[in-house]
Amino acid sequence: HPHVCARGARLLRASPALMAALPSTAVPGQLQPASPAARAPTPTHMGMPVVIVRMPPSDLAQATFSLSLAPLAAPGESTEGLSVNMDRPRGETVAVALRRLALTVRKKVASRAGKSARGKGPSDTTNHADPTCILLEADGTLVEDLEMRTHAEAWRTGQTLRLELGSVFAPGPSPPASTNADGSAAVAAPGAASVERDLIAEYTVVVNPPAVVLAPLIYNARLVPLVGVPIQPIADALFTDRLTYRWSRQLRPYVQFTPKGSGVGSVRSGSESGSDFENETPWLPCGTTEAYVPTFADLGYALRVEVTPHRGELVGDPDTATYTLSVDKLRAGNTPATLSLREKWIARKGSLHRNGAPAGTADLRVLSYNVLADWYANQPLSISSLFAHVPRRELIARRRLPRALYEIIKHDADIVCLQEVDTVAYEGLFEPAMRARGYGGAHAPKVNGAREGCALFWRLSKLELAAPPTNVPVANLVRRYILGNLPDSPHLPDSSSLPDFPLPASRLRADIGTDGAALGALLLANVPLRDVVLSRVGTIAQLVALRVRDPGGGPDPTPGSERCVVVANTHLFFHPLADHVRLLQTRAILGAIDELRTFHAAKSTGLLAAAIVAGDLNSSPKSGTAALLSCGEVGAEHGVWDHLNVFRWGDRGDRDAEGEVMPPARHAANANAPVTASAGGSSPARRPVGVRAPTRLGRLVAATGWPAFTNHVPGFVETLDYVFVTPADFQSVDGGECDASGAAPMPSLEDVASKGAGGHLPSILFPSDHVSVACDLRLKLRG
């Protein structure tokens, strides 16, 4: 099941809640959850109490036994806490475990009986006969050779475990109270003598019952559900082959937001847990799908989901999660500004779909969006300076990110490249919602300890994976495509901790490029530069090869074309003095794309895969990075090298400045990152060199154009976000040469002045400090 994961290991030890939720009614072949009660009923199966045997995956060494001792309790005795959970080595024989289980059960029962019988019977509450514990098959025959059999070999669901533990003395019933003739209370008579009771019980064996635990809801269940945006809990399932979902809704009163001084914010409403309103208002069923898409009928309601695990006929204990804030909608006054601006452009895709792409082509819509990581947005320095113009409530992720997701969904793109995606936001918000909309996806956290990274999604009805997604540190690409033709050097830092790029060595070209030797020599000679590029910066590149499906929606690629598209999604290093670092990162990424284009060439025609490069490149249109992409080369005299011998990593820590050390420094406007001057700039080996894109790749076209800005914060307004494509592989949607004619409209400075917060981003109408960029393209399937 897609939700089964390692975190399910927490389910291996039975809890009272799990025990109580196992069956309370005898339904053949099925475990059912018990009804809530002040005293939890004894779990039963087919009319008998249950012993649960859990044997987890082989990498965990314990077998766990869980059973209630209620069947062994005296009449009227409280059964609270009367249960046994026992871990045993998985490799031991069953006979040893059964002896230990019998002794443990008798000791616990006898201990309770001794406390009850104290002063009312013999001091020795049990006899000294050895307890016995036998295992019977479902047909009643004895399971033999337990001295030789391990747990995995012996235990089966439907067997019977019989415990014979000897006898115990328990106090007899007290006589009824009496009164004297004058009505006064009589002296109480002594209790009846203790009675001896045999300890015998039979349990039905249930091996590895299906179980599920819902991970804590994103943002502590305070996510604001929006009409039209799918929501879905993360379910950790164990011993389960399927999950069923039951959604319900409860009407809630108006919720008022109240900010906290700590910057996190809080919610006050009459619907908080424990209120009379919540307890008395019924929950109404509203859906049974894995992901739920709130509708206008849900406005003002809180949502709850109950997830139940199944394996065959066995039904395990359900788990429940509640979204405590009521469903909201985006109204005319607070819909993301880009959607209003692009309304006609977004709708154009419908007409393109109805008319169909010409034969031999496929239409693709591509979106790139830096959504502003919550980790950056809520840093104290960000709140007090970079985003001081933003009302606090609009910075909180549980309000802001659903709006960004709504904007992404409404663009209806076939390929979505996101940057600054927090891991928790990807797992709890973006991935479930996009999967529910029919997308595949992958997340690539940075490798420097930062809590965010890139995320890439593709429409499954139009594109399929030609190979598993690759998340590779750009430092590894530099080693491979810039230093790859140089002999091993003791001056290079250790790369053993970084994952390898998975292309087989047999497919590599011997020559990594005409500029490779000069760039490699520059890195070897310039220690500060090498330190930054190879050791400090945690930039990640997502590389995905997608094969175009049959335009009719069939499962097979277009016959005769087998056309693939290689997509690279990245967020380059931010520092304003590090344009040369970004240039080297870009050159290395282009080297990887060049190899992947060849690797995924059409087998029947040899046609190279098309290429798309998208992301927040932290580079202006005049930068060396933009020149390399759009012109295919950058000369040694370019201004990209102005800080080659000035910029180096400072002494503020070992982690990347865009990670733990400098979280607010996200774009080229921030010059507070560690930088010091270094001498020796006159050395020939440290002089600027020319950089060329791989010959087969050549220059790319900025399909989203060169807008006036994509990032707008106090003190900095610049274009940093792009979608570049290989022009020979694409054309405009009107059939002309590949250009920016399919680019989505962009907001103007006037739009930001009127719809931003204090004239800047983000705001209620712009969920991020970046504006998304998007374009419509027509892919040539046959060259």
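A few words now on the pairing of strand β24 (residues 564–571). The buried fraction of β24 amounts to eight of the eight residues, a majority that puts the element mostly inside the structure. Because side chains alternate across β24, one face comprises the buried residues C564, V566, A568 and T570, and the other comprises V565, V567, N569 and H571, equally buried. Looking at chain direction, strand β23 (residues 540–548) and β24 are connected through seven bridges and run antiparallel. Bridge pairing in β24 places Q542 opposite N569. Of the strand pairs in this sheet, β24 and strand β25 (residues 610–616) are connected by seven bridges, and their pairing is parallel. The residue bridging A568 from the neighbouring strand is V613, located in β25. Regarding topology, helix α15 (residues 579–599) serves as the crossover connection from β24 to the parallel β25, and that connection is right-handed.

Turning our eyes to something else, we now look at the sheet that holds strand β18 (residues 415–422). Within the open sheet, the six strands sit side by side as β19-β20-β18-β17-β33-β32. Their pairing is mixed. Only two strands of the sheet have a single partner each, and these edge strands are β19 (439–445) and β32 (730–731). Across six bridges, β18 lies against strand β20 (residues 452–459) in antiparallel orientation. The residue of β20 that forms the bridge with L418 is A455. Across the sheet, helix α10 (residues 397–411) lies against β17 (361–370), β18 and β33 (773–780), angled at about 165° from β17, the strand it touches most. Packed on one face of the sheet, helix α11 (residues 423–436) meets β18, β19 and β20 and runs near 155° to β18.

Turning our eyes to something else, we now look at the confidence of the model for the chain. Of all residues in the chain, 74% have pLDDT values of 70 or greater, and the mean over the chain is 80. Confidence drops under a pLDDT of 50 for residues 651–665, and excluding neighbours within four residues, the segment shows 55 contacts in the predicted structure.

What follows deals with the environment of L243. Looking at the secondary structure, you find L243 in strand β10 (residues 242–251). Owing to a relative accessible area of 11%, L243 belongs among the buried residues under this scheme. In this structure, the C-alpha to C-alpha distance between L243 and E290, residues 47 residues apart in sequence, is 8.4 Å.

Where helix α12 (residues 474–481) contacts α15, the axes come no closer than 8 Å and their chain directions differ by 70°. Classified by the angle their axes make, α12 and α15 are roughly perpendicular. Across the interface between the two elements, V474, L477, V478 and Y481 of α12 pack against L584, Q585, A588, I589, G591, A592 and E595 of α15. Of the residues belonging to the contact of α12 with α15, the class tally is eight nonpolar, two polar and one charged.

Let us now look at α11. With 14 residues, α11 ought to run about 20 Å at 1.5 Å a step, and its terminal C-alpha atoms sit 18 Å apart, in line with that. Along its length, α11 reaches its greatest deviation from straightness, about 35°, at F430, and the proline P432 lies no more than four positions downstream. Of the residues making up α11, those classed as buried are A425, Y426, G428, L429, F430, P432, A433 and M434. On its buried face, α11 sits against α10, β18, β19 and β20. The first or second residue beyond α11 is G438, which carries a positive phi of 95°.

All right, on to the packing of aromatic side chains then. By the definition in use, this model includes ten aromatic pairs. Ring geometry for W247 versus Y292: centroids 5.4 Å apart, planes at 25°, classification stacked. Of this pair, W247 sits in strand β10 while Y292 sits in the loop between β13 (284–287) and β14 (301–311), and the two are 45 residues apart along the sequence. The buried category is assigned to W247, whose relative accessible area is 0%. What links up through ring pairs into an aromatic cluster is the set W247, Y292 and Y323. Seen from the ring of Y301, R249 lies directly overhead, with NZ or CZ sitting 4.9 Å from the centre.

Scoring rules and cut-offs
Residues numbered from 1 in each chain as written. Predicted model: local features only at pLDDT ≥ 70, side-chain atom pairs only at ≥ 80, totals over all residues. Heavy atoms only, no water. Buried < 20%, exposed > 50% of the residue type's maximum accessible area, 1.4 Å probe, protein only. Helix = DSSP H or I, 4+ residues; strand = E, 2+ residues; numbered from the N terminus. Pairing = 2+ DSSP bridges. Right-handed = clockwise from strand over helix to strand, strands pointing away. Contact = heavy atoms within 4.5 Å. Axes fitted to C-alpha atoms, helices over the stretch in contact; angles between N-to-C directions. pLDDT = per-residue confidence, 0-100. Parallel < 35°, antiparallel > 145°, perpendicular 65-115°, else oblique. Nonpolar A, V, L, I, M, F, W, Y, C, P; charged D, E, K, R; others polar. Expected span 1.5 Å × (residues − 1). Bend = angle between axes of the 7 residues up to and from the residue. Phe/Tyr/Trp six-rings, centres within 6.5 Å; stacked < 30°, edge-to-face > 60°. Lys NZ or Arg CZ within 6 Å of the ring centre and 35° of its normal.

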